[in-house]
Amino acid sequence: MATDVILPSSVEEEETRHGDQGSEQIKEKQLVSSQKFQRFDSLDIESRSITNHRNSKGASGSVILTLAFQSIGVVYGDLGTSPLYVFSSTFPNGIKDKDDILGVLSLILYTVTLIPLIKYVLIVLQANDNGDGGTFALYSLLCRHAKISLTPSQQAEDSDVSNFKLEVPSRRLKLASRLKSKLESSQFAKVFLLFATLLGTSMVIGDGVLTPCISVLSAVVGIKGATSAMTEGAEALFADVGHFTVRSIQISTCAIVYPSVVLAYIGQASFLRKHADLVADTFFKSIPGPLYWPMFVVAVLASIIASQSLISATFSIIQQSLSLGCFPRVKVVHTSSKYEGQVYVPEANYILMLACVGVTLAFRTTTKIGNALGIAVVFVMTLTSAYLVLVMIMIWKTHILLIISYVLIIASVELLYLSSVLYKFDQGGYLPLAFATLMVIIMFFWNDVYRRKYYYEVEHKVSPDKFKQIADDRKICRMPGFAIFYSELVHGIPPIVNHYVANVPALHSVLVFVSIRHLPISKIPIEERLLFRRIEPIELNVFRCVARYGYTDLHNAQEPFEELLVKKLKEFVKDSCSIPQQTSNEGVCEKQEELNDGMVDKTNEFVEIQQEALMDAEVQLQAIDEAWSSGVTHLIGESEVMAAKGSGIAKRILIDYAYNFMKRNLRQREELFDIPRERMLKVGMTYEL
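Source: prediction; values computed, not measured.

Peer 1: Looking at this structure, I do not really get the overall build of the protein. What am I missing?
Peer 2: The number of helices and strands found in the protein is 23 helices and ten strands. Looking at the protein residue by residue over its 689 residues, the buried ones come to 55%. The long-range fraction of contacts in the protein, counting pairs at least 24 apart against all pairs at least 6 apart in sequence, stands at 85%. Surface summary for the protein: the accessible area is close to 30100 Å², and the carbon and sulfur share equals 59%.

Put into structure tokens, the structure is as follows:
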């Protein structure tokens, strides 16, 4: 069986297919109908056999209700605990006129209704990326619908993943196409969107530091912070949607959280109408005497849970940014085998703990912490609105009048809040900006070198002709065993292979080059994860594999990677040998027409091709089984990077010091894949960038 199989198409042959056929006789037979048929690569055949599976199937009613109950504390901690301190922060100098209480209550009710309920629960949650939310989810949606990603690792087969496509209206395409064209043609727009995404992500991580400090302290001593406190939980619920479901969050909001919060504010306002002098401690003073201490305990516990909402959101967005090459390598632990998306990042957890202690000791008062938190929260909310407008135009194809209404009603209110908290910059508001600046520098440096490495590998990749020369070299011996060679390069064979063979002149009997591909999508069904391509000649038993992961997919979450790889590889060999049967039937029909025109019937030649293909497949399956039984070796391409000679001082600091320092002190790739060390071999090479 040959790699290239005959299919009717007008698509040109891919430039990555090179090399001779395994059998010259088969090649001649395949060329019989070359005037009428074009050839597809096996990777194309595999990609078109993808099922229409979707990961986002509706959960059962009991699961939704369970998740709705869990989301009350985890997602809505900030929003639910806001009655502890909102009135006291609104009237730091006491109430001058009791009518002001009604005005503040109206402002609170309008804000809680407009931003958390209408904006986030009813609108923003619909912009989730296959169940995941946050700044990176919005960015990934835009990357899927416009070529704005800075890493050139896209494949045509990506759009065949069932979760990759969205059902969108076909109207109002003119505005969407115009905006898409401008974004794709502007390098500045691409860099700016990535920078804004990293900045928003850093702000949410900053919330994860500030929220535990302020929530627990406010439950104990009260707070005199920012007026934006009543909406702090809104961004957390969007970032945490991957831990639950959209429907469960909507149920818990509309049925429990929103009515409870509204009643709490109305009750406090009624209390203040009679006891205006107790505004500094409204929540606890309004509690009947016998219930004071039980309520105090509940308030402290609720504040602790509130802290978890932003911490959970921090874990989610770190996982998303890690998978898209925008965050240094850290360990991600899946905490639930029953529900997807519930993750824990140990390194981030310890850093958040130290940062919380440091902020508390440095500021000491909740007022400055509240000012810092207000700026961080409102900034992220405003950024979310900006991204949502792009989603409305490019993806949802929303009517322009509705978009204008959203900007005028919701976005304008958020801009007012942003302007109201910025004047407290020198009163603690500088903290989230300083923290975000540090995080953006780290993430942008890491992503910049990540992209430089990828460009280097693309420019220096080993061509199929070159690899064939390497394999035909008599100095290279073939030893029994199954080898998996890992690389991040998608388009071709990585340059480190040439370096490996030059130092170790041996290849395993079956060799698979695995390219790790992270798509701008949250999840990829397990049956659609691996795509294969055979490297010719077929007697080499050498394959390329693209392992595709979404940014919330965890490696080895369901089964060991090597078992999945071998299983899918054997399926690929079997499926590819059955394709000539389909084409031969088409050939029979066309040849019959040629018979009627007096031409020679070539049907028997197609039958011979299929028989030989089946024989080749059996030989390959046997070779795979024998190699598997001989043992699996994992070859890790570990590239060191350094600035090229003549580079400027800024580039040398970026690559030689900043990036390499982070890389040396963080987790390596084999730890992320849980590769057994006794069967792992690292192959090192230095890239001059």
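That covers the picture; the talk isn't over yet.
Peer 1: Would you mind going over unusual backbone geometry with me for this structure?
Peer 2: Excluding glycine, residues mostly have negative phi values, and the peptide bonds linking residues are mostly trans. Phi at K397 is positive, roughly 55°, even though this residue is not glycine. If you trace the backbone, K397 turns up in the loop between helix 15 (366-396) and helix 16 (400-422). A positive phi is found at N541, a non-glycine position, where the angle reads about 55°.

Peer 1: Help me understand the pattern of salt bridges in this model?
Peer 2: Note that side chains of opposite charge can pair when their charged atoms are close. Under the criterion given, the structure shown has eight salt bridges. With its nearest N and O atoms 2.7 Å apart, the salt bridge here joins D448 to R452. Pair noted here: D448 and R452 are both in helix 17 (residues 430-459), with a separation of four residues, about one helical turn. Among the residues examined, D448 registers a relative accessible area of 14% and is labelled buried. Counted as one network, the salt bridges with shared partners bring together D448, R451 and R452.

Peer 1: Can you walk me through a nonpolar patch on the surface in this structure?
Peer 2: A grouping of L175, I400, L401, I404, L408 and I409 is seen on the molecular surface, where their side chains present a nonpolar patch of about 550 Å² in accessible area. The biggest single contributor to the nonpolar patch is helix 16, with five residues. If you trace the backbone, L408 turns up in helix 16. With a relative accessible area of 59%, L408 lands in the exposed category.

Peer 1: How should I be thinking about helix 14 (residues 346-363) in this particular structure?
Peer 2: Since the α-helix packs 3.6 residues into each turn, any two residues three or four apart lie on the same face. Given a rise of 1.5 Å per residue, 18 residues ought to cover 26 Å, and the 26 Å separating the end C-alpha atoms of helix 14 matches this to within 8%. Once helix 14 ends, the next one or two residues include R364, with phi positive near 65°.

Peer 1: Which parts of the structure should I look at to understand the nonpolar core?
Peer 2: The nonpolar side chains of a soluble globular protein tend to be buried, and buried together. Counting 83 residues, the largest nonpolar core has Y139 and I148 as its most contacted members. Counting residues per element, this core draws most heavily on helix 15, which supplies 19 residues. Counting residues in hydrophobic clusters, the runner-up holds 32 residues, among them V462, A483, V641 and Y659.

Peer 1: Help me out: how do you make sense of helix 7 (residues 135-145) in this one?
Peer 2: Among the eleven residues of helix 7, eleven are classified as buried, and the element is accordingly described as predominantly covered. Among the residues making up helix 7, those that are buried are T135, F136, A137, L138, Y139, S140, L141, L142, C143, R144 and H145.

Peer 1: Where do I start with the packing of helix 6 (residues 99-123) against helix 11 (residues 246-274) in this structure?
Peer 2: Packed helix pairs are specified by the crossing angle of their axes together with the interaxial distance, meaning the distance between the axes. Running from amino to carboxyl end, helix 6 crosses helix 11 at an angle of 170°, the nearest separation of the two axes being 10 Å. By the angle class used here, helix 6 and helix 11 are roughly antiparallel. Of helix 11, the residues touching helix 6 (which contributes D99, I101, L102, L105, I108, L109, V112, T113, L117 and V121) are Q250, T253, C254, Y258, V262, Y265, I266, A269, L272 and R273. Tallied by class, residues from the contact of helix 6 with helix 11 come to 15 nonpolar, three polar and two charged.

Peer 1: Looking at this structure, I do not really get the packing of aromatic side chains. What am I missing?
Peer 2: Tallied over the entire structure, the rule returns 18 aromatic pairs. An angle of 45° between the planes, with centres 5.9 Å apart, marks the rings of F284 and F296 as tilted. Here F284, found in helix 12 (residues 282-285), pairs with F296, found in helix 13 (residues 292-323); they are twelve residues apart in sequence, far enough to count as distant. Judged on exposure class, the residue F284 and its partner F296 are both buried. A ring pair is formed by F315 and Y344, whose centres lie 5.5 Å apart and whose planes are at 90°; its orientation type is edge-to-face. Residue F315 is found in helix 13, and its partner Y344 is found in strand 4 (residues 343-344); the two are separated by 29 residues along the sequence. Among the aromatic side chains, those forming a connected cluster through ring pairs are F283, F284, Y292, W293 and F296.

Peer 1: Explain the sheet that holds strand 9 (residues 632-642) here, please?
Peer 2: Picture the strands of a sheet paired through backbone hydrogen bonds; they go either parallel or antiparallel. Across the sheet, six strands lie side by side as 7-8-6-5-9-10; this open sheet has mixed pairing. A single partner strand is all that each edge strand has here, and the edge strands are strand 7 (530-535) and strand 10 (680-688). When the angles between neighbouring strand axes are averaged without regard to direction, this sheet yields 25°. Relative to strand 10, strand 9 runs parallel, the two sharing nine bridges. Residue L635 lies in a different strand from strand 10, and its bridge partner there is L681.

Peer 1: Help me out: how do you make sense of the state of the cysteines in this one?
Peer 2: Under the definition given, this model contains zero disulfides. The cysteine C143 is free of any disulfide, with C326 supplying the nearest cysteine sulfur at 9.0 Å. Its relative accessible area of 14% is what places C143 among the buried residues. Looking at the unpaired C356, the closest cysteine sulfur is the one in C213, lying at 4.2 Å.

Peer 1: Would you mind showing me how to read the packing of helix 13 against helix 14 here?
Peer 2: Their axes nearest at 10 Å, the elements helix 13 and helix 14 cross at an angle of 135°. It follows from the interaxial angle that helix 13 and helix 14 lie oblique. Seen from above, helix 13 lies across helix 14 with right-handed handedness. Contacts between helix 13 and helix 14 pair I311, T314, F315 and I318 from the former with A348, N349 and L352 from the latter. Counted by class, the contact of helix 13 with helix 14 contains five nonpolar, two polar and no charged residues.

Peer 1: Could you clarify how one ought to interpret the confidence of the model for the protein in this entry?
Peer 2: Should pLDDT be low for a region, the predicted coordinates there are not to be read in detail. Averaged over all residues, the pLDDT of the protein equals 76, while 76% of them reach at least 70. Considering only residues more than four positions removed or in separate chains, one finds that residues 1-57, a stretch of pLDDT under 50, has 133 contacts. With pLDDT under 50 throughout, residues 579-588 is counted as low confidence; its partners more than four residues away or in other chains account for 13 contacts.

Peer 1: Just to check I follow, could you spell out the environment of Q622 for this structure?
Peer 2: You can see Q622 is positioned in helix 21 (residues 603-630). The sequence separation of Q622 and K570 amounts to 52 residues, and the corresponding C-alpha distance is 9.9 Å.

Peer 1: Would you mind going over the pairing of strand 6 (residues 506-518) with me for this structure?
Peer 2: One face of the sheet, then the other: side chains in a regular strand alternate in exactly this way. The buried fraction of strand 6 amounts to eleven of the 13 residues, a majority that puts the element mostly inside the structure. The sheet contact formed by strand 5 (residues 477-487) and strand 6 spans nine bridges and is parallel. Each bridged residue has a counterpart across the sheet, and for A483 the counterpart in strand 6 is L511. When strand 6 meets strand 8 (residues 542-549), the two strands line up parallel, connected through eight bridges. Note on strand 8: the bridge partner recorded for V514 is C545.

Calculation notes
Residues numbered from 1 in each chain as written. Predicted model: local features only at pLDDT ≥ 70, side-chain atom pairs only at ≥ 80, totals over all residues. Heavy atoms only, no water. Helix = DSSP H or I, 4+ residues; strand = E, 2+ residues; numbered from the N terminus. Buried < 20%, exposed > 50% of the residue type's maximum accessible area, 1.4 Å probe, protein only. Contact = heavy atoms within 4.5 Å. Areas by Shrake-Rupley, 256 points an atom, 1.4 Å probe, with all protein chains shown as cover. Salt bridge = Lys/Arg side-chain N within 4 Å of Asp/Glu carboxyl O. Patch = residues over 30% accessible without salt bridge, like charges linked within 9 Å, V, L, I, M, F, W, Y side chains within 5 Å. Expected span 1.5 Å × (residues − 1). Core = buried A, V, L, I, M, F, W, Y, C linked by side-chain atoms within 4.5 Å. Axes fitted to C-alpha atoms, helices over the stretch in contact; angles between N-to-C directions. Parallel < 35°, antiparallel > 145°, perpendicular 65-115°, else oblique. Nonpolar A, V, L, I, M, F, W, Y, C, P; charged D, E, K, R; others polar. Phe/Tyr/Trp six-rings, centres within 6.5 Å; stacked < 30°, edge-to-face > 60°. Pairing = 2+ DSSP bridges. Disulfide = S-S within 2.5 Å. Left-handed = near helix turned anticlockwise from the far one by under 90°. pLDDT = per-residue confidence, 0-100.

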